[in-house]
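# Reading the structure
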Amino acid sequence: MGLGRVCGQSLQWTYVVGYYGPSWLVRNIFEMNQRELEGATERLSGMLEQEEPAKFCQEDHRVDIINQKSQVKLRLDRLYDQLCDWRSSVMDPDPDPAGAAAAGAGA
């Protein structure tokens, strides 16, 4: 599956997460990561949709595409990392079970 398609599908799901906006969500950072991924994906898509095939033969254009692809991947990874951090906090709501057990034993 192409990177553009993966980004599009990922953004669809992040819109759902952002819409429901659970308390764990640091909304401004999450939305910033969404916007950055949207913008980077749109720029890459625009570069690839050029009507002049000869541009793909130009080295500077190829380098621009490679750099933009790297930016898209970086933005996607950041958004995934943020979602994984949330998932970890949901799956383990008590980050220090040993500390809680020790506090209960001392009571």
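None of these values were measured; they are calculated from a predicted model.

Its location among the elements puts R75 in helix α3 (residues 59–91). Look past the residues within four positions of R75 in its chain and what remains in contact with it is E36, L37 and A40.

Quick look at the side chain of Q82 now. Inspection of the secondary structure puts Q82 in helix α3. In this structure the side chain of Q82 is engaged in a polar contact, spanning 3.0 Å, whose partner is the side chain of N33.

Given a rise of 1.5 Å per residue, 18 residues ought to cover 26 Å, and the 26 Å separating the end C-alpha atoms of helix α1 (residues 3–20) matches this to within 8%. Of all the residues in α1, the buried ones are L3, C7, S10, L11, T14 and G18. Down the axis of α1, the buried set is contained in an arc of 110 degrees. They therefore lie on one face. Facing away from the buried surface of α1 by more than 90 degrees, the exposed residues are R5, Q12, W13, Y19 and Y20.

A separate point is helix α2 (residues 27–48). When the terminal C-alpha atoms of α2 are compared, their 31 Å separation across 22 residues agrees well with the 32 Å that a helix rising 1.5 Å per residue should span. Three or more residues of α2 are buried, namely F30, N33, Q34, L37, G39, A40, T41, L44 and M47.

Reading the values: rules and limits
Residues numbered from 1 in each chain as written. Predicted model: local features only at pLDDT ≥ 70, side-chain atom pairs only at ≥ 80, totals over all residues. Heavy atoms only, no water. Helix = DSSP H or I, 4+ residues; strand = E, 2+ residues; numbered from the N terminus. Contact = heavy atoms within 4.5 Å. Polar contact = N/O pair within 3.5 Å; in protein donor to acceptor, adjacent residues only side chain to side chain. Expected span 1.5 Å × (residues − 1). Buried < 20%, exposed > 50% of the residue type's maximum accessible area, 1.4 Å probe, protein only. Arc of directions from axis to C-beta.

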